[in-house]
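Coordinates in review
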Amino acid sequence: MKYYYRDTYYCQVVQWKYLLKDYLFKPKYKDLSFNGEFAPELQFVLPFAYWHFKNGTLKSTHSSKYTREMYFFSENHEERFDTRTNEGNYNFEMPRILYSQDYDMKKWLPVPLKEEYKNEIYVYEKPILIIANRYNMEWDGPPISFYSIEMLTYILDLLKDKYTVIYNRPRPQNITMDNSDIYDMDEFSWLAKEYPEVILMEDLYTENKAKARNFNHLQMMVYANASHFISIHGGTATLASYFGGINLILSKKGPEHHFKCFEKLYPKFSGASIYHAKTDEDVKTFVDKYFVNP
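Residues numbered from 1 in each chain as written. Predicted model: local features only at pLDDT ≥ 70, side-chain atom pairs only at ≥ 80, totals over all residues. Heavy atoms only, no water.

Brief notes about the overall build of the protein
Across its full length, the protein carries 12 helices and 9 strands. Taken against the 2.2 N^0.38 rule, which gives 19 Å for 294 residues, the C-alpha radius of gyration of the protein at 19 Å falls within 12% of a compact globule. Dimensions of the protein, computed from C-alpha atoms along their principal axes, come out at roughly 60 × 40 × 35 Å. Out of the 294 residues in the protein, the part that is buried amounts to 56%. Counted over contacts in the protein with a minimum sequence separation of 6, partners at least 24 positions apart contribute 72%. Roughly 13400 Å² of accessible area belongs to the protein as shown, and the carbon and sulfur atoms make up 51% of that amount. Computed over 36 positive and 39 negative side-chain charges, the separation of the two mean positions in the protein equals 7 Å. (Helix = DSSP H or I, 4+ residues; strand = E, 2+ residues; numbered from the N terminus. Rg over C-alpha atoms; globule rule 2.2 N^0.38 Å. Buried < 20%, exposed > 50% of the residue type's maximum accessible area, 1.4 Å probe, protein only. Contact = heavy atoms within 4.5 Å. Areas by Shrake-Rupley, 256 points an atom, 1.4 Å probe, with all protein chains shown as cover. Lys, Arg positive; Asp, Glu negative; His and termini not counted. Charge placed at Lys NZ, Arg CZ, Asp CG, Glu CD.)

This is the structure in structure tokens:
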């Protein structure tokens, strides 16, 4: 963990060289480029770009495929990268990278994705509940944090009548891949058979009533109309935290625990109430407390 402490100090020092440009002269000079993973981009890069936009100093942004709508405020945005890399995470031009002991960031503003993408298309009689799952390689090993079919059964049996449940686990063809392999849980056919009332995000994309330009665009339009989320740590949980309401995050392992990211960082994205479950039993407790009888 000591390297993350060191990197935090280095990021802070790098920002000193922009002191006069950012606070005194304010030319439109900042070219932001990032090809790291989805989570750190949402956590640090996007809010940094938005700060420069509001400050009048943003010139251009460069990122991966399917990010144009994330940077809706950027006049000059280029989707330059076909893949995301771990090396790209270590971009010390940002006010922070990855995990930090200090989330008091001066050049960081939450991006109003909910306000930008709220719409009258994805509206249902019951409030929307997004279950944002993932089943990926973690730290070069098998999946650790994910909602199994057993856990999905528990959640859906309790909540399917109370909410319009939308299930989201993006397939590789719909997102920009990084270094983590995506595995198959074979839950989509199971959901169709056992819980036909559950709406699949990929089906909404196939239908595409809102004429979304890509899967990320669609996700943000659907998420913007929701205020209840059940997600997994990483980019899945970070995106859900941008849209207010309640976000229950399952994270069984990771530096996020040491640095208390779910307490200190994630609520900053939109003021959402964040509940960190470390075990499946924690998930059950939080579902009962905050979703069944909020």
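What to know about the packing of aromatic side chains
What the rule picks out here adds up to 28 aromatic pairs. Where Tyr4 meets Tyr99, the ring centres are 5.1 Å apart and the plane angle is 85 degrees; that geometry is what we call edge-to-face. Highlighted residues: Tyr4 in helix H1 (residues 2-15) and Tyr99 in the loop between strand S3 (77-81) and helix H4 (113-117), separated in sequence by 95 residues. For Tyr4, a relative accessible area of 17% translates into the label buried. Owing to a relative accessible area of 16%, Tyr99 belongs among the buried residues under this scheme. (Phe/Tyr/Trp six-rings, centres within 6.5 Å; stacked < 30°, edge-to-face > 60°.)

Concerning the pattern of salt bridges
Counted by the stated rule, this structure contains 13 salt bridges. Ionic pairing is found between Lys28 and Glu75, a salt bridge with its closest N-O pair at 4.0 Å. Taken together, the positions of Lys28 in the loop between helix H2 (19-25) and strand S1 (30-33) and Glu75 in the loop between strand S2 (58-64) and S3 put the pair 47 residues apart, joining distant regions of the chain. Here Lys252 makes a salt bridge to Asp280, at a shortest N to O gap of 3.5 Å. One end of the pair, Lys252, is in the loop between strand S8 (246-250) and helix H10 (255-258); the other, Asp280, is in helix H12 (residues 280-292), and 28 residues separate them in sequence. The exposure class of Asp280 is partly exposed, given its relative accessible area of 24%. (Salt bridge = Lys/Arg side-chain N within 4 Å of Asp/Glu carboxyl O.)

Re the sheet that holds S3
The strand order across the open sheet formed by 3 strands is S1-S2-S3, and the pairing between neighbours is parallel. The two strands at the open ends of the sheet, each matched to only one other strand, are S1 and S3. Averaged over all pairs of adjacent strands, the angle between strand axes in this sheet comes to 20 degrees, irrespective of strand direction. Two strands pair when backbone bridges link them, and S1 and S2 are joined in this way by 4 bridges, in the parallel orientation. Looking at the pairing, Asp31 lines up with Ser60 of S2. (Pairing = 2+ DSSP bridges. Axes fitted to C-alpha atoms, helices over the stretch in contact; angles between N-to-C directions.)

Everything listed here is a matter of geometry and, on its own, says nothing about what the molecule does.
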